[in-house]
Amino acid sequence: MQDGSSVAYLRPETAQGIFINFKNVLGTSRLKLPFGIAQIGKAFRNEITPRNFIFRSREFEQMEIEYFIPPGDEEVWGPFHKKWLADAEEFLKSVGLNEELMGYDIHEGDGLAHYARACTDITFRFPFGVQELMGIAARGNFDLTSHTNGSGKTLDYFDEQTKEKFIPHVIEPSIGLDRLVLALICSAYAEDEINGEKRNYLSFHPSIAPVKVAVLPLVKNKEPLVKAARGLFDKLQRRWNVVWDQTGAIGRRYRRNDEIGVPFCVTVDFETIEDDGAVTVRDRDSTEQVRIPMDEVVPYLSKMIDGY
């Protein structure tokens, strides 16, 4: 049986779920303005002719923040919008985007959405052209007001200092996760030459590299050596996504881990079990190697990967 009650609608953005739950979050968290609510999830668009790879698709992953601020003119929302734009750019650079490939597109006039006070896109120059990557919009109080009018439920905020009730305004940073991942891959691709041999690799920032560490026993047929390497692997695996690679020449293993963007390779060799109890840690980008005692490997990698 089919009738109007079976009709379902797919959301065009994640933002509206945040606005609908504004009162719930406000009531349970007791937050004071300014504060933000973040969400990641699927969004859907009615593209008649999907094309341009991931740039015109009917389904994609979206990340958004609705940052609620006091109402007012540009003197109020302007500094918030400017700060979010600077923070967004800093975030993108911190995870590995190539600053030289980033740009800005400021929406003005007819290019500005009817509800927006201002909107600036951070763009990225992909190999096939410049595309929007992230938008930072000052949306005013359009969304909360629309939901208030449509539902009859007031989505307001009470300021305990001024004893006033008002509907907050909002700054919205929004980014497509698919586009961000593609931009990270494009930024990470690199070529160089090591000892006369051309090398292709992905220079992912350690914080976003899918695999953080590769553990390499120098040989696979010496039980004490393999056992020591497996013990280190098990320890590292509790903290990060780690791969075990014991087949092939050590140089070949370095290269294949470089190709998938593994930032660090840890080699367990004969000296580890017969002499100093230390391992060799190799950096992917510089190919430099340092010798580190086994019990200092986790603190060393923690600082290099997580920053502490």
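Residues numbered from 1 in each chain as written. Predicted model: local features only at pLDDT ≥ 70, side-chain atom pairs only at ≥ 80, totals over all residues. Heavy atoms only, no water.

**Q** Help me out: how do you make sense of the sheet that holds strand β3 (residues 102–106) in this one?
**A** Consider a sheet: its strands pair through backbone hydrogen bonds, and that pairing is either parallel or antiparallel. The six strands lie next to each other as β1-β2-β8-β5-β4-β3, forming an open sheet whose pairing is antiparallel. If you trace the sheet from one side to the other, it starts and ends with β1 (35–44) and β3, each paired once. The mean inter-strand angle of the sheet, taken between neighbouring strand axes irrespective of direction, is 20°. In this sheet, strand β8 (residues 169–176) lies alongside strand β2 (residues 59–69) in antiparallel orientation, the contact comprising six bridges. Looking at the pairing, E64 lines up with S174 of β8. Seen against the sheet, helix α3 (residues 74–94) touches β2, β3, β4 (118–126), β5 (129–140) and β8 and runs at an angle of roughly 145° to β5. (Pairing = 2+ DSSP bridges. Helix = DSSP H or I, 4+ residues; strand = E, 2+ residues; numbered from the N terminus. Axes fitted to C-alpha atoms, helices over the stretch in contact; angles between N-to-C directions. Contact = heavy atoms within 4.5 Å.)

**Q** How should I be thinking about the side chain of T123 in this particular structure?
**A** When you line up the elements, T123 lands in strand β4. Not counting chain neighbours up to four residues away, the residues in contact with T123 comprise L101, M102, G103, Y104, D105, V130, Q131, E132 and L133.

**Q** I tried to follow helix α6 (residues 223–237) on my own but got confused; where do I start?
**A** Note that an α-helix has 3.6 residues per turn; residues three or four places apart therefore point the same way. With 15 residues, α6 should cover 21 Å at 1.5 Å per step; its first-to-last C-alpha distance of 20 Å lies within 8% of that length. Among all positions in α6, only L225, V226, A229, L232, F233 and L236 are buried. Projected down its long axis, α6 carries its buried residues within an arc of 125°, all on one side. Opposite the buried face of α6, by more than 90 degrees, sit the exposed residues E223 and K227. Its buried side turned inward, α6 meets β11 (213–217), β12 (242–244), β13 (264–268), α8 (270–274), β14 (278–283) and α9 (297–306). (Expected span 1.5 Å × (residues − 1). Buried < 20%, exposed > 50% of the residue type's maximum accessible area, 1.4 Å probe, protein only. Arc of directions from axis to C-beta.)

**Q** Would you mind showing me how to read unusual backbone geometry here?
**A** Excluding glycine, a negative phi dihedral is what most residues carry, and trans is how most peptide bonds are arranged. A cis geometry characterises the amide bond from L33 onward to P34, with omega recorded as -5°. For P34, the location among the structural elements is in the loop between α2 (22–29) and β1. Even without being a glycine, R30 presents a positive backbone phi close to 55°. For R30, the position within the fold is in the loop between α2 and β1. For K163, which is not glycine, the phi dihedral falls at a positive 60°. The exposure class assigned to K163 is exposed, which follows from its relative accessible area of 59%.

**Q** I'm lost on the sheet that holds β13 in this one. Help?
**A** Read from one edge to the other, the open sheet built from five strands follows the order β12-β11-β13-β14-β15, with strand pairing classed as mixed. Edge strands, defined here as strands with exactly one partner in the open sheet, are β12 and β15 (289–293). Taken over all neighbouring pairs, the strand axes of this sheet differ in orientation by 25° on average, direction set aside. Inspection of the sheet shows β14 paired to β15 by five bridges, in the antiparallel sense.

**Q** What should I look at first to understand the nonpolar core in this one?
**A** Where a protein is soluble and globular, its nonpolar side chains tend to be buried together. By size, the foremost hydrophobic cluster in this structure holds 26 residues, and its most contacted members are L92, L97, I122, F124 and I136. Looking at this core, the elements that each hand over two or more residues are β2, α3, β4, β5, β8 and α5 (177–188). Looking at this core element by element, the count peaks at five residues for α3. Here I136 is in contact with H81, W84, L85, A88, A118, C119, T120, I122, I171, E172 and P173, once residues within four sequence places are set aside. Counting residues in hydrophobic clusters, the runner-up holds 18 residues, among them V213, V215, A229 and V242. (Core = buried A, V, L, I, M, F, W, Y, C linked by side-chain atoms within 4.5 Å.)

**Q** For this particular structure, what's the right way to read the packing of α6 against α9?
**A** Think of two packed helices as two axes; the pair is described by the angle between the axes and how far apart they sit. Running from amino to carboxyl end, α6 crosses α9 at an angle of 40°, the nearest separation of the two axes being 11 Å. When the axes of α6 and α9 are compared, the pair comes out oblique. Both α6 and α9 take part in a crossing whose hand is right-handed. Along the contact surface, α6 presents L232, K235 and L236, while α9 presents V297, V298 and L301. (Parallel < 35°, antiparallel > 145°, perpendicular 65-115°, else oblique. Left-handed = near helix turned anticlockwise from the far one by under 90°.)

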